[in-house]
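Coordinate analysis (summary)
Next come the chains, spelled out residue by residue.
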Amino acid sequence: MSAALLEVEGLRVGFGNGTQAVRGISIAVARGETHCLVGESGCGKSVTSLAVMNLLARGAVRTAEGIRFEGREIAGLSEREMGKLRGDAMAMIFQEPMTSLNPAYTIGSQMAEVYVRHRGGSKAAALDRAAHLLGRVGITAPGMRLAQYPHQLSGGLRQRVMIAMALMCDPKLLIADEPTTALDVTVQAQILRLLQELQQELGLAILLITHDLGIVARMAHRVSVMYAGRVVESGPAAELFGRPTHPYTHGLLACVPVPGKIARGEPLGSIPGTVPKIGPGYSGCAFRERCAQAMPACGAGDVPGREAGPEHRYECHLGADWTARLATGAAA
Amino acid sequence: MLIFLARRALLAMLVTLTVLTVSFMLTRLTGDLAIAIAGPQASQADVEIIRKAYGLDRPLLVQFVNWVTDAATGDLGRSFFYQEDVTKLISARLPVTLTLGLTGLSIAILTAIPLGIIAAMREGTLLDRGIMTIAVIGQAMPSFWLGLTLVIIFGLKLQWFPISGVETWQGFVLPGIVLAFSAIPALMRLTRSGMVDALASDYIRTARAKGLSRAAIVLKHALRNAAMPVVAISAVQLGFMLSGSIVIETVFSLHGVGYLGWEAIGKNDFPVVQSVVLFLATVFVVLTLLADLMNAALDPRLRTQ
Ligand SMILES: Nc1ncnc2c1ncn2[C@@H]1O[C@H](COP(=O)(O)OP(=O)(O)O)[C@@H](O)[C@H]1O
Ligand code: SF4
Ligand SMILES: [Mg+2]
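None of the values given here were measured: they were computed from a predicted structure.

Along its length, chain A carries 11 helices and 13 strands. Relative to the compact-globule value of 20 Å for 332 residues, chain A shows a C-alpha radius of gyration of 21 Å, a close match. Out of the 332 residues in chain A, the part that is buried amounts to 54%. Long-range contacts, defined as pairs at least 24 residues apart, comprise 66% of the intrachain contacts of chain A with a sequence gap of at least 6. Here chain A has roughly 13600 Å² of accessible surface; of this, 53% comes from carbon and sulfur atoms. Taking the 33 positively charged and 29 negatively charged side chains of chain A as two groups, their mean positions are separated by 3 Å.

What follows is the structure, encoded as structure tokens:
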């Protein structure tokens, strides 16, 4: 099997105030596939994506056994070297379309500068490409839009501009952190369709971050479920939706087990309780306060990783008898 | 945009009219002008002659309307002391004051903005705190005291710069520095806070995600947005500097508008006092308008709504 486009191994991120936001996670995004990172708010999804791009705020401490992009180790790259990748081979869009564009510059100027920065050439050539891409993401009258300022565009249009801008240098990987959360439902659907089309057309790999299971069911080839800084379950989308095994995933999907039948916008918080804050020296399973299956072993020490199927892994003290019970439907 | 400008211009006119009224009233309220001009030894008859000669016997409203219409056509009356047109007196001294003000503003901007940017980029570090402490000290320092200190050190001891007069450009250096000091703390603080906000914003995260150079991120994307309040305050600061030049011009004996006004106060030369106040007010109004225009040029949201 050829190596994945992006391989993250043993990533940890801590903040100055003691918060351990990401606690040793591994994620692999293959070329041309959509990998969904899903979890409740505050689980560390955004921190993970920023850590991959090395865009964390000052005061954040990032360590990793490895972050490889196209087989190349990028965890130790200088800011300067990393800057050559960002916006070029790996691009990112954000949850806040209203504030992610600079209010002082035109759409055209902001789109052109990323191309000129990485590919050189004239601004006019970059603007041509920008106009072409604005058309591609479904914006009418692209020539006119280039001269407009962000405040003249709606949220949905701004997110399209962000997507078009991310595509300026033909990236191999697009990291999208909740790209539709701030948009209304119809616009959400349009943006998701656009991302799917672009992926098929350009062979783009997408790391899609969301808290919305409906989006996961619709978009994902592969899923990583994140809880309190750990990936508690991961696998191919069909596997994971067919046999959710970790009590957290199982709980999330219990009421709506069939992919495609999940009401979009369904919050993940249907399990009572909230994500705990994890400080230094935390031990045991972070889900134990909310888990109906919790046992004494869950209170301290490491949680073992297990196989639930082909390429389908989860992290829990519950073993073979639990998966057998799930298979017969006895656990519901 | 046009409506925006029209509104600003109307406001400017109202402000000017208010200042005209106040400066007129102030000079009339300080007592009987005719007696003041005639001097303590004058007889009642002399006073009456002067009252007639200067038009002070007419009703206040008529005097005011005359003064305003004359001022509007550039006629500010004659100085009691110099026996010359006030317009001439002021315009002869204008170059000195303007050069001083612009020198002060340039020094202030060239110092405050880079320091503010550095402090913001190193927010919370010792360097940041050091820079801001200097700002606080600078703000607390009276300009006459700073002026005299600089005169003693650089003028008398080291003799690097002349201590008075502006026969050469060097004469503007020390007073320029003193003037600049009055504006540096405010400008620096504003640059710093604007840059701190801008650097923490989502569009800077986007700029970083695009792999832009550090210079482009800080100077193009952040500074452009942080600059708007700085421009507005710079204009106001220049206004303060020009009015502050009354003190500076006196300390360094520069014969500018401020010095003229200071002399005129001592000599009860009311047309001059009145006109210097009017001049400073007009400068304020013009600078505020200019700042609005520059902000409109910087901020597309002001231009296109
Ligand atoms: N700059 C920061 N400083 C301190 N804590 C942070 C910072 N950014 C995020 N965190 C903490 O890290 C955890 C994960 O946050 P985040 O990745 O934003 O969650 P989400 O999964 O909703 O995207 C949260 O507990 C949050 O409070
Ligand atoms: S480890 Fe224990 S507490 Fe955590 S999910 Fe498994 S059973 Fe529940
Ligand atoms: Mg988030």
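After that view of the structure, there is still more to cover.
This part takes up the overall build of chain B. A count of helices and strands for chain B gives 13 helices and zero strands. What you see in chain B, going N to C, is helices and strands ordered as α-α-α-α-α-α-α-α-α-α-α-α-α. Relative to its 305 residues, chain B shows a buried fraction of 44%. For chain B, the proportion of contacts with a sequence separation of at least 24, taken over those separated by at least 6, is 72%. When the accessible surface of chain B is split by element, carbon and sulfur atoms take 71% of a total near 15300 Å². Within chain B, the 18 negative side-chain charges are centred at a point lying 15 Å from the centre of the 23 positive side-chain charges.

In the neighbourhood of ligand 2, 13 residues make up the surrounding shell, with Cys285, Cys291, Cys298, Cys316 and His317 of chain A lying closest. Taken together, the residues that form the shell around ligand 2 break down as nine nonpolar, three polar and one charged.

Okay, the sheet that holds strand β3 (residues 34–38) of chain A next. Residues and elements named next belong to chain A. The sheet built from eight strands is open, its strands ordered β7-β8-β9-β3-β10-β11-β13-β12 with mixed pairing. Each end of this open sheet is capped by a strand with a single partner; those strands are β7 (90–93) and β12 (305–309). Ignoring strand direction, the axes of neighbouring strands in this sheet form an average angle of 20°. Taken together, the four bridges between β7 and strand β8 (residues 173–177) define a ladder with parallel strand orientation. Following the sheet pairing, Met92 is matched in β8 by Ile175. Relative to β7, helix α1 (residues 45–53) is tilted by about 150°, and along the sheet it contacts β3, β7, β8, β9 (205–210) and β10 (222–227).

On to the interface of chain B and chain A. The interface is formed by 23 residues belonging to chain B together with 31 residues belonging to chain A. Taken over both partners, the interface formed by chain B and chain A buries close to 2300 Å², and the fraction arising from carbon and sulfur atoms is 50%. A per-residue breakdown of the area chain B buries against chain A is headed by Arg205, Arg208 and Lys210 of chain B, which together make up 27% of the total. For Glu96 of chain A, the salt bridge is made with Arg205 of chain B, and the minimal N-O distance between the two is 2.7 Å. At the surface where chain B touches chain A, the tally comes to 15 residue pairs in polar contact (both at pLDDT 80 or more).

Attention shifts here to the pairing of β8 of chain A. Residue and element names in this part refer to chain A. Within β8, five of the five residues are buried, which leaves the element mostly enclosed by the surrounding structure. Taking every second residue as pointing to the same face, both faces of β8 are buried, with Leu173, Ile175 and Asp177 on one and Leu174 and Ala176 on the other. Bridge analysis of β8 against β9 gives five bridges, and the strand direction is parallel. Considered in β9, the bridge of Ile175 is made with Leu207. Regarding the hand of the β-α-β motif, the stretch spanning β8, helix α7 (residues 185–202) and β9 is right-handed.

With that out of the way, let us pick up the site of ligand 1. Residue and element names in this part refer to chain A. Close to ligand 1 lie Phe15, Asn17, Ala21, Glu40, Ser41, Gly42, Cys43, Gly44, Lys45, Ser46, Val47 and Lys277. Between ligand 1 and Cys43, the relevant distance is 3.2 Å, taken from an oxygen atom to a main-chain nitrogen or oxygen of the residue. Contacts to ligand 1 include Ser46, whose side-chain N or O atom sits 2.8 Å from an oxygen atom. For ligand 1, the protein covers 68% of the area, taking 560 Å² as the surface of the free molecule. Broken down by element, the residue count for the shell around ligand 1 peaks at three residues, all from α1. Residues belonging to the shell around ligand 1 are distributed by class as follows: four nonpolar, five polar and three charged.

Further remarks concern helix α4 (residues 123–136) of chain A. Residues lying three or four places apart along an α-helix face the same way, a consequence of the helix completing one turn every 3.6 residues. Residue and element names in this part refer to chain A. Across its 14 residues, α4 extends 20 Å between first and last C-alpha, which sits within 8% of the 20 Å expected from 1.5 Å per residue. All of the buried residues in α4 are Ala126, Ala130, Leu133 and Leu134. Summarising the axial view, the buried residues of α4 lie within an arc of 105°, below the 170-degree limit, and thus occupy one face. In α4, the exposed positions angled more than 90 degrees off the buried face are occupied by Asp128 and His132. Where α4 is buried, its residues contact α3 (107–119), α5 (142–146) and α6 (155–166). Two residues or fewer past α4, Gly138 is found with a positive phi of approximately 85°.

Attention shifts here to the nonpolar core. Within the largest apolar cluster, 97 residues are counted, with the highest numbers of intra-cluster contacts made by Phe69, Met90, Met111, Ile163, Leu173 and Tyr227 of chain A. A domain-level breakdown of this core finds at least three residues from each of domain 1 (4–89 + 171–331) and domain 2 (100–168) of chain A. Sequence-distant contacts of Met90 of chain A, defined by excluding residues within four places in its chain, comprise Val52, Met53, Phe69, Ile74, Met82, Leu85, Pro171 and Leu173 of chain A. Grouped together as the second largest cluster of nonpolar side chains are 51 residues, Ile90, Ala135, Ile184 and Leu187 of chain B included.

Let's shift gears to the packing of aromatic side chains. Going through the model one piece at a time under the given rule, you end up with five aromatic pairs over all chains. Ring plane angle 80° and centroid distance 5.2 Å describe the contact between Tyr227 of chain A and Phe287 of chain A, whose orientation is recorded as edge-to-face. Of this pair, Tyr227 of chain A sits in strand β10 while Phe287 of chain A sits in the loop between α10 (247–254) and β12, and the two are 60 residues apart along the sequence. Looking at Tyr227 of chain A, the relative accessible area reads 2%, which means it is buried. Considering the side-chain rings of Phe154 of chain B and Trp160 of chain B, the 5.5 Å spacing of their centres and the 40° angle between planes classify their relative orientation as tilted. Given a relative accessible area of 55%, Trp160 of chain B falls into the exposed group. Here a set of aromatic residues connected by ring pairs shows up, and it is made of Tyr227, Tyr248 and Phe287 of chain A.

About the cut-offs
Residues numbered from 1 in each chain as written. Chains lettered and ligands numbered in written order. Predicted model: local features only at pLDDT ≥ 70, side-chain atom pairs only at ≥ 80, totals over all residues. Heavy atoms only, no water. Helix = DSSP H or I, 4+ residues; strand = E, 2+ residues; numbered from the N terminus. Rg over C-alpha atoms; globule rule 2.2 N^0.38 Å. Buried < 20%, exposed > 50% of the residue type's maximum accessible area, 1.4 Å probe, protein only. Contact = heavy atoms within 4.5 Å. Areas by Shrake-Rupley, 256 points an atom, 1.4 Å probe, with all protein chains shown as cover. Lys, Arg positive; Asp, Glu negative; His and termini not counted. Charge placed at Lys NZ, Arg CZ, Asp CG, Glu CD. Near = heavy atom within 4 Å. Nonpolar A, V, L, I, M, F, W, Y, C, P; charged D, E, K, R; others polar. Pairing = 2+ DSSP bridges. Axes fitted to C-alpha atoms, helices over the stretch in contact; angles between N-to-C directions. Buried area = accessible area lost by both parts, 1.4 Å probe. Salt bridge = Lys/Arg side-chain N within 4 Å of Asp/Glu carboxyl O. Polar contact = N/O pair within 3.5 Å; in protein donor to acceptor, adjacent residues only side chain to side chain. Right-handed = clockwise from strand over helix to strand, strands pointing away. Expected span 1.5 Å × (residues − 1). Arc of directions from axis to C-beta. Core = buried A, V, L, I, M, F, W, Y, C linked by side-chain atoms within 4.5 Å. Domains from an automatic or database assignment. Phe/Tyr/Trp six-rings, centres within 6.5 Å; stacked < 30°, edge-to-face > 60°.

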